[in-house]
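# Secondary and tertiary structure notes
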Amino acid sequence: MAAASWSPRLSLACAAALLVLAGAHFAWRVQPILRYEQTAPPFFLDATSCTRFTSTPGAILDYLAAAVAQLNSSLWLGALAFVALLGGIFPGARRALAGLDGRWTTALACGLVALLAALPGRYENEMERTLMGILLSLGAVSAWLAVPARMRVLRPASAGVLTVALFFVAGPVPAALSASLMALQELLVNRRPWLAAACVPALLVVPLWWWFHPAFDPLAAVSNWGGGWTRTLHTLAFLLVPLGLVTGIVLTRWTGDRNQPQPGWLPGSVGLAVVLALWGVTLDTPRKALARFEHAARQQQWDRALTIAQNLPSWTPAARVQLTRVLFHAGRLPEDLFTFPQKRGADLLPGYEVGLDVARTVASSLLELGQVHLAEHMAHESLELEGAKPDILRLLACINILKGQPEAARVFLLRLRLTPFHRREADRQLQLLAADPTGANQPELNAIRTRLPRTDEPDYRLATESLLRQLLRANPTNRMAFHYLLAHRLLNAQTEELATDLQRLRLFGNPPLPRPCEEALLLHQSSSAPADLHPHKV
């Protein structure tokens, strides 16, 4: 095939410009911290975790991808890691497309980088795995291409060794990508079909491993790609280079023009517009908005969270639970309860009927209210569902301190200490725990301890009203439980019970009546005797 018609400097300039744009898109539009909180898998720096990730084919790649995902906790580290991966993929793609005109190799390599740069905007947890899988595949092909073409024995042998090694390191999909590229190079570029056929048998390692290990799922990675745009982007990313190689060689032979002129500014401008449009269309805006709301709540930026919530296009059950908590801490519950979309009869502390994905958020709310035992139950459900994420470990540590189980709390804090970027926080908590195992030196735990219930309420359901009334019997000045109860009455149109509960306002210094409560009382008084809420007047 013809030598590349594009100069190395032009290719390098295209790559650099695209990488800068991709890094800026990831850092400021996608926001690494949002990806970290939404999709980063649990990861621990210990020998046990490392050993577990070497037990099956592709597990090493899972471990490395999980390690890279931890860098998203920092904007700059996450963006630099992302750009570094894309920067390694670009020359690897150009090398794997050896034999094509330079115009084709640069365009296809840029197309692959653009596709991969769209993946973070889907807020799915397979992005790092796909990037690193493609990088390893292209690296294997580049190593294979370094074997001289005249060494006909070493070419298929090295292809087999690299494919099998890649299968155990990265799994079936990257191994299939590298084997297909090696075979296409021999078939279409070197025109040696017998050597191309010799590159394929190494993939028999996949069915053989499946035969001897029935629990192994060769398509597990594909099933984790989700659906819609996410699956489409993953699929195109793995197919672009082999399909581009075939298409480029066929078109070059068909046109017979091996010395294409360098394109002008118009094709480059059109390509840039297509890339920006792709990134804009594939950015999951509703999911990003929910992620921003959750992040602001985690950072206890209550006013900012409410500002973001005003523009949320959709609401998940977990977001609704979080909204109630945010409204309380911002001092706007139940005043601004109906500023946001509500459903009559909606449960402020829902159980499993709305799905297990609310477990962590409900656990946090229950802990602040004082329902420590129920918070522990929901936190363990979240631990089972999401894995040992830092938020869950921190939550369980607090719960066990409040339950008088400092050794159990220490177990969770030691696990948190093994999580990247959380060691300093865990060390500080361990020092506080060593100084006082009861947690009396932690003001937030002392505040929760004053709200703990003193009686049992046997019920197979997570009945919100029963839980709140139990808390108010234990501590009538539990402001959070009181405000939650008022919101519960309003959502269920329980005007008579609301009128009775509002008599508790004197315990809180007789603050002004919230407007939704006034409106509910007016409705109640239209059919019943006026409630005595002195000194308040409706």
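Turning to the packing of aromatic side chains, a few remarks are in order. Considering all chains together, one arrives at 11 aromatic pairs under this definition. Geometrically, the ring pair formed by Phe 26 and Phe 82 is stacked, given 4.5 Å between the ring centres and 20° between the ring planes. Pair noted here: Phe 26 is in helix 1 (residues 8-30) and Phe 82 is in helix 5 (residues 75-96), with a separation of 56 residues, a long-range link. Per residue, the accessibility class of Phe 26 equals that of Phe 82, and both read buried. Ring geometry for Trp 315 versus Phe 340: centroids 6.2 Å apart, planes at 75°, classification edge-to-face. Of this pair, Trp 315 sits in the loop between helix 16 (302-309) and helix 17 (317-329) while Phe 340 is found in the loop between helix 17 and helix 18 (359-369), placing the two residues 25 residues apart along the sequence. The exposure class of Trp 315 is buried, given its relative accessible area of 16%.

Taken as a whole, this structure holds 20 salt bridges when the rule is applied. Two residues, Asp 391 and Arg 298, come together in a salt bridge whose shortest N-O distance is 2.7 Å. Highlighted residues: Asp 391 in helix 20 (residues 390-402) and Arg 298 in helix 15 (residues 285-298), separated in sequence by 93 residues. Residue class for Asp 391 comes out partly exposed when judged on its relative accessible area of 26%. The network of salt bridges with common partners includes Glu 37, Arg 298, Arg 360, Glu 386, Lys 389, Asp 391, Arg 394 and Glu 425.

With that out of the way, let us pick up helix 9 (residues 172-189). The terminal C-alpha atoms of helix 9 lie 25 Å apart, and with 18 residues this matches the ideal 26 Å at 1.5 Å per residue to within 8%. Looking one or two residues beyond helix 9, the residue adopting positive phi is Arg 191, at roughly 55°.

The next thing to look at is the packing of helix 16 against helix 17. Where helix 16 contacts helix 17, the axes come no closer than 9 Å and their chain directions differ by 135°. Comparing the axis directions of helix 16 and helix 17 gives the class oblique. Crossing of helix 16 over helix 17 shows left-handed handedness. Contact residues: helix 16 offers Trp 302, Ala 305, Leu 306 and Ala 309, while helix 17 offers Leu 323, Arg 325, Val 326, Leu 327 and His 329. Residue composition of the contact of helix 16 with helix 17, by class: seven nonpolar, one polar and one charged.

Moving on, we get to the nonpolar core. Counting 78 residues, the largest nonpolar core has Phe 293, Trp 315, Leu 323, Leu 367, Leu 369, Tyr 484 and Leu 502 as its most contacted members. Once you skip the residues sitting within four places of it in the chain, Leu 369 turns out to touch Leu 349, Arg 451, Leu 468, Leu 471, Asn 478, Met 480, Ala 481 and Tyr 484. Membership of the second largest hydrophobic core comes to 68 residues, among which are Ala 114, Met 127, Leu 177 and Leu 184.

Conventions adopted
- Residues numbered from 1 in each chain as written.
- Predicted model: local features only at pLDDT ≥ 70, side-chain atom pairs only at ≥ 80, totals over all residues.
- Heavy atoms only, no water.
- Phe/Tyr/Trp six-rings, centres within 6.5 Å; stacked < 30°, edge-to-face > 60°.
- Helix = DSSP H or I, 4+ residues; strand = E, 2+ residues; numbered from the N terminus.
- Buried < 20%, exposed > 50% of the residue type's maximum accessible area, 1.4 Å probe, protein only.
- Salt bridge = Lys/Arg side-chain N within 4 Å of Asp/Glu carboxyl O.
- Expected span 1.5 Å × (residues − 1).
- Axes fitted to C-alpha atoms, helices over the stretch in contact; angles between N-to-C directions.
- Parallel < 35°, antiparallel > 145°, perpendicular 65-115°, else oblique.
- Left-handed = near helix turned anticlockwise from the far one by under 90°.
- Contact = heavy atoms within 4.5 Å.
- Nonpolar A, V, L, I, M, F, W, Y, C, P; charged D, E, K, R; others polar.
- Core = buried A, V, L, I, M, F, W, Y, C linked by side-chain atoms within 4.5 Å.

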